[in-house]
Amino acid sequence: MGVEGIGARVVRKEDKRFITGKGRYVDDIKLVGMTHAHFIRSPHAHAKVKKIDSSAALKMPGVVAVLTGQQLVDDKVGNLICGWAITSKDGSPMKMGAWPAMAPETVRFVGQAVAVVIADSKNLARDAAEAVVVDYEELPAVADVHAAIKSGAPQLHPEAPGNQVYDWVIGDEGATDAAFAKAANVVKLDVTNNRLAPNAMEPRAAIADYDAAEEHFTLYTTSQNPHVARLVLSAFYNIAPEHKLRVIAPDVGGGFGSKIFIYPEEMVALWASKKVGRPVKWTGDRTEAFLTDAHGRDHVTHAEMAFDANNKITGLKVKTYANFGAYMSLFSSSVPTYLYATLLSGQYNIPAIHAEVIGVYTNTTPVDAYRGAGRPEASYLIERLMETAARQLKVDPAALRRTNFITQFPHQTPVIMAYDTGDFNASLDAAMKAIDYAGFAARKAQAKSQGKLRGIGVSCYIEACGIAPSKAVGSLGAGVGLWESAEVRVNPVGTIEILTGSHSHGQGHETTFCQLVADRLGVPISQVSIVHGDTDKVQFGMGTYGSRSAAVGLTAILKAMEKMESKAKKIAAHALEASEADIVIENGEFKVTGTDKAIAFPMVALAAYTAHNLPDGMEPGLKESAFYDPSNFTFPAGTYICELEVDPGTGKTSFVNFVAADDFGRLINPMIVEGQVHGGLVQGIGQALLEHAIYDANGQPVTASFMDYAMPRADDVPSFNLSHTTTLCPGNPLGIKGCGEAGAIGASAAVINAITDAIGKNNLEMPATPDRVWRTIHAA
Amino acid sequence: MYQTTYHRASSVDEAASLFGKSSDAKFLAGGQTLLPVMKQRLASPSDVIDLGKIKELQGVELSGDTLTIKAATTYYDIMTNADVKKAIPAIAYLTSVLGDPAVRYRGTIGGSIANNDPAADFPAALLALGATVKTNKRSIAADDFFKGLFTTALEDGEIITAVSFPVPAKAGYEKMRHPASRFALTGVFVAQTKSGDVRVAATGASQSGVMRVPAIEAALKANWSPSAIDNVSISASGLLADIHGTAEYRANLVKVMAQRAVAAAG
Ligand SMILES: Cc1cc2nc3c(=O)[nH]c(=O)nc-3n(C[C@H](O)[C@H](O)[C@H](O)COP(=O)(O)OP(=O)(O)OC[C@H]3O[C@@H](n4cnc5c(N)ncnc54)[C@H](O)[C@@H]3O)c2cc1C
């Protein structure tokens, strides 16, 4: 592997800049003549906008403009789109209401923008915003999915009667019913998957700069996928054609999915910059992040699992209500359908599955993909069901899982996915060994003698990453292809620039992507730089989400590298008067195999650019590109086991141990992988114990600051014990599965299974706050 | 934040006179409450008078059976002070579980009690220990100082200069942290005075702010031990209820925290 190659724990190149405060985030950018935007947001969950009076604000010093939703309509700026079409079980397309970037008539969630003030400074814009008088007529609101689907509930959009976006099904209902009819045992469970606020460290921000002479826009924005942003902004929102719009996503401080989507603020900033003839900057604050960044999860599910007399699963029935909030965000429709129900087979052989998903509008912040997106909801459901089943069938939870594991690959599930490889027993074994599962009973007894309730919880997750084969997702309704592109540019001195469509907002691409190059060429990673996040530099790309950057993005780089190396070998062979087939690349040199004849890589590069002595007919230069479209999803899987203690006096949970045994396929940089797992586990534990975005019955957010929304802190989580059981992914040449979301997908169920084991009561919703646990312990 | 005028006072008298001259002034100590509120534009003082650099408001003194903590002493300085640790270690402990390091480096005892957040830690210590609040005008017994949510006996422009605590025979504090803010979801401070009296105060629990808990005081007076509280019943009525804790849960916490505080006090 070499000291900097694949598999090496290379320290992150980008950290010097981040740790020394030299990162360049959108808010750090200041343009000449820049104005500042402050949005005026609805304090009501549902209201008619009767009148907006900005006359007083317009007279205030430094105020450039006050723009409203009606002006957006007048200028024919398009509404926000949802990019994945879902068809209901009756064959009808999903039913969506329009989402204008600023509401001209009706607001449908607290925080929705109705107008924007543009001023010389941020404070002046904020002062002026207070002088804008918006006359609202309040309407009845609904925040809860069950309340929203009741007859007589407040209606959000005329296009979606009954607040229903779709009623979608997957699987074979007849076969599933038949399995249940013959079942020896049926296990039933109701679960809520709590709504989460993503809380990236850097709030969203945008700077739009219109060049009237060139009729060209530049947008600096906090995006996980700047090319997709450009595509959507130009194709659907009428901002500018793609070649007249440059989107730059510089350093971005975390996304967790929330920065995939195109939001109203960047659209308005672009439009406003042309209207006022000056650059417009908007930087969200934490309150705006809580109110307007797409939330995650929010499912209410009833599920039943059928078992035969040998404790083999024979069928699974699932009915889920998914809360979409007030509008359909960019990929929202796909999350509770193709990213959720297709993973309901878990790690298990389940012959028949039927799932129904009802998408519901409520007067809350829109919900979309958040770390794991659909897969945490599926994994949590299945792993809570398995635990419930083990308790009901009185068998060891690990043994019940083992009885039902898929062991033959490839394996076609009844819900679309074809698992390519895996070894579920290996990760279960590794985790059980790491936590000393066998010794648990003795530890539990010991804890009991000290007045503590000790529990252990298993979670065997599987997820689909490496999103995704374009043809497959296209057939399921996706509006885009999900390939990735890369370009390898070798400079005449032999340094290398890798241009990638992946976007790093914490993942460490600037290190791991260089490691691939170092591995192949034997050059130090200091000779390689990674270029990303600028549509003027990188030709196209689909961005980073769904743990796709290594499996898809890095494979595209590999393909481009192979092309570049092939040409370089020809040049080397020509220079060394050898046959191309005899050239091998070692330690930065191109060698004739079995001889001491060699030429250093920089000399090959120089030869390509001087072009003095190239093979006949060869073009000068050394630059290649590739587009890579994966042939299948990848399937990271693993087992998490958590051991904890509950204090019966307070209901407080303390961790004793948390082990993770993951199969991510090949690891490029184990240190970075561990960081990804740590972060994911903390988010999964956060969901299980702390985090919950709550609305009251009238749609008022109750948790719009860190004083109320409990983010996990370092002392809330244990020190993790990580290990890997590897099966290489056969779907891509590097054998990579992906590691970005696993922790968030698998952790919650392990925690809740452990707490319910500790307290001896199976029904406990997330987040398992001390209050909730205490009440569950002491409930009759 | 709205525009405001900042003044750095060098003495208590100067601070008081600056206050008198401004139309709508606020004193600033650690800023851990005032500044977030101003940033959110929920407060718009015309003038901000900083007490943080006034020498006479800094430091801790132990003389005989009285521990005096000056108003602008930060939590961190209290937590690490040798006299505090020696005389009333429960106060050092309380400070160590207050907020986070950033808050402890800036926040002050004077700011905490002037603000009288119903979930703040220090009010429980003052009430249970029978402390005296010293101001630039008078001395106020803790029993008379806290007047309900965010309300105190302080008059407009009155400056807290110090808090003096009678050194108890035994004292302990236990706190269930609020999962998000880390204030007290409920915290209980128990103290046994040198004359054998018992005082118990709970914070974070009551709808009307920090409170004495007479039932627990009586039980502990009879028998200073955690088990003495086993059969005490705390009513949930009048207790706070929110997404992080029902009133019944807080009633339970008053009892459980009191038991643990007694255990900690020894
Ligand atoms: C993240 C966070 C977590 C926190 N967690 C906790 C916690 O766990 N427990 C807890 O108890 N508190 C907590 N706090 C609050 C913290 O203790 C504050 O420091 C305290 O409430 C105010 O003290 P300060 O010195 O910062 O006062 P400031 O914010 O400067 O002032 C607060 C108020 O007191 C007035 N004031 C200040 N000093 C005087 C004086 N000498 N005389 C008269 N009036 C005065 C000011 O005018 C102002 O009205 C937390 C705060 C934050 C931001």
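Residues numbered from 1 in each chain as written. Chains lettered and ligands numbered in written order. Predicted model: local features only at pLDDT ≥ 70, side-chain atom pairs only at ≥ 80, totals over all residues. Heavy atoms only, no water.

Going by the annotation in an unreviewed UniProt entry, the name recorded for chain B is Carbon-monoxide dehydrogenase medium subunit, with Bradyrhizobium sacchari given as the source organism.

An unreviewed UniProt entry lists chain A under the name Xanthine dehydrogenase molybdenum binding subunit apoprotein, from Bradyrhizobium sacchari.

The interface of chain B with chain A comprises 24 residues on the first partner and 24 residues on the second. Surface buried jointly by chain B and chain A totals about 1,900 Å² across both partners, of which 51% is contributed by carbon and sulfur atoms. The largest contributions to the chain B side of the interface with chain A come from B:R41, B:R182 and B:I243, which together make up 30% of the buried area. Linking chain B with chain A are 6 salt bridges, by the criterion used here. Note that A:D716 and B:R182 form a salt bridge whose closest N and O atoms lie 3.3 Å from each other. Along the contact surface separating chain B from chain A lie 13 residue pairs in polar contact (both at pLDDT 80 or more). With 7 residues, the single largest contributor to the side of chain B that touches chain A is helix 11 (residues 247-265) of chain B. (Contact = heavy atoms within 4.5 Å. Buried area = accessible area lost by both parts, 1.4 Å probe. Salt bridge = Lys/Arg side-chain N within 4 Å of Asp/Glu carboxyl O. Polar contact = N/O pair within 3.5 Å; in protein donor to acceptor, adjacent residues only side chain to side chain. Helix = DSSP H or I, 4+ residues; strand = E, 2+ residues; numbered from the N terminus.)

With that out of the way, let us pick up the nonpolar core. The biggest cluster of nonpolar side chains holds 173 residues, and the ones touching the most others in it are A:L344, A:F658, A:V751 and A:I755. No other element matches helix 19 (residues 742-759) of chain A, which puts 11 residues into this core. Here A:F658 is in contact with A:Y640, A:I641, A:C642, A:L681, A:I685, A:P718, A:S719, A:F720, A:N721, A:A747, A:A750 and A:V751, once residues within four sequence places are set aside. Counting residues in hydrophobic clusters, the runner-up holds 55 residues, among them B:Y75, B:L98, B:L127 and B:I159. (Core = buried A, V, L, I, M, F, W, Y, C linked by side-chain atoms within 4.5 Å. Buried < 20%, exposed > 50% of the residue type's maximum accessible area, 1.4 Å probe, protein only.)

To continue, consider the site of the ligand. Residues and elements named next belong to chain B. Taken together, 31 residues sit near the ligand, with F27, G31, Y75, T108 and D121 positioned nearest. F27 places a polar main-chain atom, nitrogen or oxygen, 2.5 Å from an oxygen atom of the ligand. T108 is positioned such that a nitrogen or oxygen atom in its side chain is 2.6 Å from an oxygen atom of the ligand. Look at the ligand: alone it shows 970 Å² of surface, and the protein chains cover 91% of it. Those elements that provide at least two residues to the shell around the ligand are strand 2 (25-28) and helix 7 (109-115). (Near = heavy atom within 4 Å. Areas by Shrake-Rupley, 256 points an atom, 1.4 Å probe, with all protein chains shown as cover.)

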